Structures are given as C-alpha cells and as structure tokens.
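# Observations on chain architecture
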Amino acid sequence: MGTEVSGGGSPVTSAPAVRYDPLEVESKWRSRWAEASPGGLGAGERLPVPGRRKHYALTMFPYPSGDLHIGHWFAMVPADTHARYRRMEGDDVIFPMGFDAFGLPAENAAIRHGVHPYRWTIANMERMRGQLRSMGAAFDWDREVVTCDPAYYRWNQWLFLRLYEKGLAYKKFAPVDFCPKCNTTLAREQVVGVDRSCERCDTPVIRKDLDQWFFRITAYADELLDFSGLQWPERVVTMQRNWIGRSEGVQFAFSIQDRPELRFEVFTTRIDTVYGVSCCVLAPEHPLVEVITTPGQRQAVEAYRAEASRRSEIERLAADRERTGVPTGAMARHPLTGESIPIWVADYVLASYGTGAIMAVPAHDERDFDFARRYGLPVPVVVAPAGYAGGAPTHAHTEPGTMVDSGPYSGLSSEVAIERLADDFEARGLGRRQVNYRLRDWLISRQRYWGTPIPIVYCDACGTVPVPDEQLPVRLPEDARFLPTGESPLKYHESFRNCACPRCGGPAQRETDTMDTFVDSSWYQYRYLSPHCDDRPFDRAAADAWLPVDVYTGGVEHATMHLLYTRFFSKALCDLGLAGFREPMPRLFNQGVILGENSEKMSKSRGNVVNPDDLTARYGVDAVRVYLMFIGPWEAGGPWNPRGIEGPVRLLQRIYRLCGQAATAGSVAAGDGEGRRLRRAVHAAITAVTADLERFAFNTAIASLMTLCNEANGWLDAHPGAWPAEVAELGRVLALLLAPFAPHLASECWEMLGQPGSVHAQSWPQADAELLAQQRIPFVIQVDGRVRDRVEVDADATSDQLRALALESPRVQAATDGRAPVRVVVVPGRLVNVVTRA
RNA sequence: GCCGGGGUGGCGGAACGGCAGACGCGCUCGACUCAAAAUCGAGUGGGGAGACCCGUGAGGGUUCGAAUCCCUCUCCCGGCACCA
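Model, not experiment: these values are computed from the prediction.

### So, the packing of helix α20 (residues 673-694) against helix α22 (residues 725-738)
Between α20 and α22, the least distance of the axes is 10 Å, while the angle of their chain directions is 10°. The angle between α20 and α22 places the two elements in the roughly parallel class. Contacts between α20 and α22 involve Gly 675, Leu 678, Arg 679, Val 682, His 683, Ala 685, Ile 686 and Val 689 from the former and Glu 726, Val 727, Glu 729, Leu 730, Val 733 and Leu 737 from the latter.

### Side note on empty space enclosed by the protein
If you walk through the whole model with that rule in mind, you get three cavities of 30 Å³ or more. Volume-wise, the largest cavity comes out at about 50 Å³. Every residue along the wall of the largest cavity is listed here: Ala 57, Leu 58, Thr 59, Ala 79, His 82, Ala 83, Phe 95, Val 551, Thr 553 and Phe 696. Elements that contribute at least two residues to the lining of the largest cavity include exactly β3 (54-59), α2 (70-88) and β28 (551-554).

### A word on the pattern of salt bridges
Under the definition given, this model contains 44 salt bridges. For Arg 53, the salt bridge identified is with Asp 91, shortest N-O distance 3.1 Å. Here Arg 53 is found in the loop between α1 (22-36) and β3, whereas its partner Asp 91 is found in the loop between α2 and β4 (92-94), with 38 residues between them in sequence. On the accessibility criterion, Asp 91 (4% relative accessible area) is buried. Here Arg 677 and Glu 674 are joined by a salt bridge, their closest N and O atoms 3.0 Å apart. A residue pair is termed a helical-turn pair when its members lie 3 or 4 positions apart in one helix, as Arg 677 and Glu 674 do in helix α20 at three residues. Residue Glu 674 is classed as partly exposed on the basis of its relative accessible area of 29%. Through salt bridges with shared partners, a single ionic network connects Glu 223, Arg 567, Lys 571, Asp 575, Arg 582 and Glu 583.

### Some thoughts on the protein's contact with RNA strand B
Close to RNA strand B lie 51 residues, the nearest being Arg 323, Arg 367, Arg 650, Arg 790 and Arg 830. With respect to RNA strand B, the side chain of Tyr 353 contributes an N or O atom lying 3.0 Å from a phosphate oxygen. Within the side chain of Arg 657, one N or O atom sits 3.0 Å away from a phosphate oxygen of RNA strand B. Contributing elements (two or more residues each) for the surface near RNA strand B: α7 (234-244), β13 (259-268), α19 (646-662), α21 (698-718), β32 (776-783), β33 (786-794), β34 (823-827) and β35 (831-835). Looking at the surface near RNA strand B element by element, the count peaks at six residues for α21.

### Considerations on the side chain of Gln 525
Inspection of the secondary structure assignment puts Gln 525 in helix α14 (residues 524-527). There is a polar contact of 3.0 Å between the side chain of Gln 525 and the side chain of Thr 566. If we ignore the near neighbours within four places in the chain, the residues touching Gln 525 are Tyr 56, Leu 58, Leu 547, Val 549, Thr 566, Pro 584 and Met 585.

### Details of the nonpolar core
In this structure, Phe 160, Phe 215, Trp 442 and Phe 741 are the most contacted members of the largest nonpolar core, which totals 183 residues. Lining this core are residues from two domains, each supplying at least three of them: domain 1 (155-216 + 443-518) and domain 3 (620-771). Residues within four places of Phe 741 in sequence aside, it is in contact with Thr 81, Arg 625, Val 626, Met 629, Val 689, Leu 693, Phe 698, Ala 701, Ile 702 and Leu 705. Grouped together as the second largest cluster of nonpolar side chains are 48 residues, Phe 254, Leu 262, Tyr 275 and Ala 360 included.

What counts as what
- Residues numbered from 1 in each chain as written.
- Chains lettered and ligands numbered in written order.
- Predicted model: local features only at pLDDT ≥ 70, side-chain atom pairs only at ≥ 80, totals over all residues.
- Heavy atoms only, no water.
- Axes fitted to C-alpha atoms, helices over the stretch in contact; angles between N-to-C directions.
- Helix = DSSP H or I, 4+ residues; strand = E, 2+ residues; numbered from the N terminus.
- Parallel < 35°, antiparallel > 145°, perpendicular 65-115°, else oblique.
- Contact = heavy atoms within 4.5 Å.
- 1 Å grid on protein atoms, 1.4 Å probe; cavity = no way out; pocket = protein on both sides within 12 Å on 5 of 7 lines; lining within 4 Å.
- Points joined across faces, edges and corners; volume = space filled by probe spheres on them.
- Salt bridge = Lys/Arg side-chain N within 4 Å of Asp/Glu carboxyl O.
- Buried < 20%, exposed > 50% of the residue type's maximum accessible area, 1.4 Å probe, protein only.
- Near = heavy atom within 4 Å.
- Polar contact = N/O pair within 3.5 Å; in protein donor to acceptor, adjacent residues only side chain to side chain.
- Core = buried A, V, L, I, M, F, W, Y, C linked by side-chain atoms within 4.5 Å.
- Domains from an automatic or database assignment.

Right, dumping it as structure tokens:
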C-alpha cells in the first residue's frame, strides 16, 4: 500500500503524521480499473436494467483541440461526480463521451502545416482520450462517438435527406453572412455582437448573395417557445425566447395612389397608431421601389440604393447610425382615411423582417420619430399620454394611452383599440392578424472541407437530385488540397465534384458545401445509445428506453446555437417518426467559467493558463477534482486561486488518516451517549452531502465533509484507547461519501477498511432519521428581535413551555428592564421573541 | 436603450423570512522540532476594558423579526440591439 509513516508516534495519541502519496495511490487504482472495467458507469452498450430507474447523464462533448485544459476539468468533473452519485443512489446510469471532431481548426492546421485534417484530428483525440481518462471520470468509452467518422456523418447525410423530403431542408438564393477569415458563410446565430462578427474568429462578417442550404427551424418557432416542463436556467430560456423574438401584429396593404393594381404590405404591432401614419417606408431592396419611383426621384433613389448596398457590406448596421432615406415621389392611399401618404425608401427598414415595408408613425415610434424629425415630416399624435394637452411632442410616446384623432376609435384606450382595429381590418378584408419571428432559418452550408458533405447532386437534365440512401456515405476525398487562399478544397477537387447523376446516369456535379458542425452535435445524444448501429442513425428501442437526457451540463455559450438546434432536431426527428419525444434535454445545468489568477479569461497570450497536468503531478487527480468543486458554486466559476487547493489537499489527507484509524476500530458498538454523538455527526453529513449533490451544490457538499472530519478528529482525540464500532462506521461512511468526489482515494480507503468489493459499486448511505432527531436542541431567546439568551430545550417542548422559559430568563428580564412584554412570538424548534415595544 | 443575473470579512464563499459570515484560503498565537516543513490546537467582520453597540452596495417600506419580500437609486457581469 502507498502508506508512508513518518514520525512514528503511537497511533492513539494525537497527530500521527500518517500521509498517503496521491500519485502512488491514484496510479494503482487507475491500472486496476483499466483491467477490471474498461467502460465506465454504464458498462456496455445495452438497454436499461428493468426495474431500475434509468439515468442518462450527458456533458457536452469536446472539440479535439489536442489539449485538455482546466476548463474541461471544471465542466466534466462535477458532471462525473453527479453521475457517480446517481449510480450509488441506485440509478442505472450511462455517461457517454465522444468528440465533436469536425471543424475549422483541423483545416487551418492543414493549410498551415500541411498535415491532413483527419490525421491531425485522430492524433489529437488519441492524446485527449488519455487526458480524459486521467481525470478519473467514469465515462462509457464503449459508447464513444466521433463525428468525423464516416460511420457517423453518413447519418448526418441520411437525416439531411429525410429533412429534405419533408421540406425541412431547402436551398435558397439569399443575402447571407460570410466570414472573410474563415472563408465560409455562417448561420445567423453564429454572427455575434454589435459589430456582427464571426462567433469563431471574431472577424466582422460581410454580406453576400449566395445559393445556400437551410434547415427550416422557423417551422418550429412556436413550439420552440414552449419551455414548459423544462428545468433550464432562466437566462437560457430568456435568451432563446428573445432570439426567437415572436411578435403579434396586423399585416395589411397600402395601394399606390393612381395605380390601384399595385400594393405593398406592411406589418405592425401597433395597429392602434394607424391614424398617425405620416409616411410609408420601403427597404432599399424592396421590389416595388423600382416600379413606383417617379422619374423626378429616380436618380436620388438609385443613388441611395447603391449606397445602402455598399454600406451593408462595410459598416452594416452601426447601432446608433443616423436614419437616412429618400422619397420615391410616389404616394400611397391610407386604407382607412383615403389620405395620400408619401412613400420613402430608407435602410432602417430591413428587407429580411416582416414584409420589408412599414407604416411610419413618428409620434409613437422612436425610429420613425428620428426619421420624421430629420426630414421635417409631420408628427400627428393619435395616442395621448395621461395629461396630454396637445402640441408638438418632443419624443415618441410608445406607451399605451387614450386614442385621439382616430376616427371612430377616438376615446378608447389604445390597448382596446389594438384589438378593435385588428377585428375591423379582418372583418373588412383590409388585413389580418399576423405573427412574425426574429428567428431565421438555419443556414447550414459551409464552404469548407472538414465537415459532412451535403448529399446532393446537380444534374443538367434532372436538376437537384438527392443522393440515394444506398450510396451513403458521400465520403470526403482523402487527397484534397488545402490552399492558402482558403478556398473550399472540395470545389476544386475534380473527381469528387464530377459524378454520375443518380437518377439518369448522366454527368452531374456534387454539392461541394459541407454542413455546419452544429448539425453533428444536434443528435449525438441519440447516437451514443447505439454507436455501432449501421442500418439506422440510432436504435429506436434504445432511444425510447434511455432518452431524453436526464441531466445535460455544459457552457452557456451554446444557449442560442447548439441548444436551439438540438431542440429543433428532436422535434423534427419526432415528426419524422424516428423518436417519440420532443424535448431532448429536460434538465440543463450551466457551469461557469474558470478565470486566471488575475480574474481574466485564461489564454496563452495572457499567460494565465492553469495546466491540469502540472497540478495533478503535484497534488494528485483527486485533490484537483475536489478543489474545482470546492472553489464556489458550479454555475458561478471564478478566478483560480493557486493557494486554495491546500484546503482540499488537507481534507483528503485527513480522510485517509481517519479511515486508517477507523480500520483499527473494534466491532462492538459503544452504544452510549458519546457513541451516539459521533454517529449523529456522521449521519448529519450523509443528509447534507446528499441534499447538496441533488442540487449540484458541490462546494457545500465538500464543506460538509470537512465539518465531519473536524468533528471526528475532535471525537477521536477525546476518546483515546480502543475505538468502538461507531468509529468503523465513520470510516465506511467517509469512504462512501467521498467516492463520487475523489474516486481513487475512496477506493483506497475502502480497501484499507477491509471492505469487500469496490466502493463505487456500493449503495449510497442512508441517514438514520431517528438518530438525527435530538431530544435536546439549542434554542434562542430574543428580546425585540435581538438575541439575549441561548438555552437548551426539549425538542418537543410546547409553545407555552417555551414562552414561560423565555420570560423566566434572567437575561431577558435584564434586557426588558421592567417593560411588560407586549407580545411573545414563539417559533417552536427555533426561537422565542419577546416584544416589548409597540 | 431593452432583457436576464448579481453586490455579504483581507480573499473564495455559507445562510427554508428566525443566532449573518458555515466551510476553506490567508493571517496571528501556541504545541511538536536543534531548526524548518508537515501535522495538531486556539483565535480571526468593525468598535468597545466590558455588559453592549454597529454591520450583507445606498435610501425607503412590509414584518415581532429582512442578506432574504416590495419600491426607488447605484455599480458590476452576461445577452440582445434599427425586428416595426
């Protein structure tokens, strides 16, 4: 055994400096586990054991960057601890792991160093598997999924074709976001920040008009807004809700003055302001602009459109840009009043949202207000705020109010008028209620090599032809060339690109775009259940039995990307008849981020990176695990404090020593008051650690273990000599409670205690409630809300007894100083408050 | 600007409306040691000799009682940002 005894004092007197060597103990258990169970908690690909509650624990799989950093540890170790706890609790647990192995870094390495993305990725995964194992996590490696494996991406293609058949995958020519550094288009979700930059590399995106493949996520917009039944962090729900951006309003048409055959539609959420329209505004890209612009305005309008399109490519949408525009010269006819309304073109109206045209109501919309003021347009008030006395408004009034100058609607509250006008527009056939979403369809085309080829062929004769299932997978060619220009290698790979049309056999060309890697991660949790299944993406019986995921953990940065996409996939898979549930991850937990010592984000350039290998070489894996969980609430993250690890290091040494002492305890219980005192501490710890693990409060769970050690040490010091069986129980419980947190040391302790089997295969200890119910409890007596006395009382003392006890207390009498109690509040089991003032 | 989440000792952080600061780091003192490290023990929010008083970003409110609930303000972090 790895025991090292220095000092050599009597084991009975205090402070025998018995220490264990973490490196030795950990290496011993690592090799034992490798022999005994190469898999993890789940032990093989199988269905849940009947009669046991299944538990699918999932932590977001890593990108194989080649190095496991402390952030991976922080994400995965608590997830492992929770999964291990659930298994000891009796659940049938699976806890799979794999690699999100497609993506740009591999291709960039190919361009820079000439190493093929496949080889680069495989080598990185090899290295990371070793690092992941060294973490001491009980991953089910026999379920491993690697997304760049043709055996995996084949099913991306298969699923793409099913979505295509359902109309949920389609190709469209549209203005799209393009990252000039990554040389590829991006989904709207992957463009972030005020300067609209690439989520991966931070480069501002530009706009291009391209033919691209989309997934019709908007078909599920309403269902995606339904978060009922999801135990998700509030902020993630909020972010998704905002991202989807549902708004209800009315869509209706304006006709062009003197050309009643021409009309354009507008969408508004404020139909109550329709009497306050002072102009209509079309987006520069609106098709009607060309048609209606009068000869006198043509030159100005063309110039404006040209400028707008150039601007959209350069500094598109600076947040607080001036709202500019030009009149088209054409007039529209107000559908209710018949008034002539000037039609303008302005690029603050987006072509991609709603109808690409609006009614401008300056008095009640801040953007329209700015626009009207700039061009001297009228600002008619139609919704009066409380106390409005007429006159020109100084700012837009966007709140509800009383309708004025609005024909038959005048006098109504604007909230009522919204409904009344919507009803009337619908009844008169002028327009209809309409729901719009900010959410756009998911652009999945990427002009990159290292992703799943989109299984589509273009034939001159047959047009767009899906690759038949039996021809899948469409494999990536191994001899692609990676050009420094960053152009798509597939596009210039003749033998990949040229192919026979699956339908007519004639010459045809493959689609050379690959899929967004977020497609891969949208259904990996299904594949883990039957990773070797080769005639379907996943086994239906396994999916029915194991899914949905019971606890999903990962970073919040995926709130409106991966987590939205995978919800979409689950709904689509359900509608395709492939699975029987609609929400993939009912319970989500976001861990925080570990920062450098200087509270900044860890990065090589900042020089504040904490290397887990250095730490484990010095303190051992268990200590690093425990420290990461002790550092604070998991969801908070926080700066790394290099000295803080000393606490967990001491805790582990104390537990080792306590278990060593417990191993010498006898088998006869003392059964007296002192024995009960020790047992009470042990069982209080069981209660606390259990409750904390249930709520992912790892930091306080570890604090409870520390408290138990402190109390146990005190007890042992106070009871020299031969120890009773209560001490043996202490040792067993310590090892059991420690097992999910520090699996190596817990195994060592269990063995040292002479217990059979593996500690990790034991049942979680149950607290003895009867033992914990104490007869005498500490009790607080307050006077006017301030603590004046503390006494010990019977736990079942009545309110009357407690009241009498309080009033008798000399300290209370001193504090009340002769004032008669006005009232006495008794909280049984807690305190009494004697109130002397009114 | 809008929407979330926060502000508690020197530091990380605890605290079903009921003893604020659990637990740990650090620090101080002590034991062991020739010495140091390790280990063990005691102490550690501020003020006061003391009984006590003051303390959870600021101010107000509800309550017998507020870090916790409500209102106003302030600062910090995150998300969104012309979405009509």
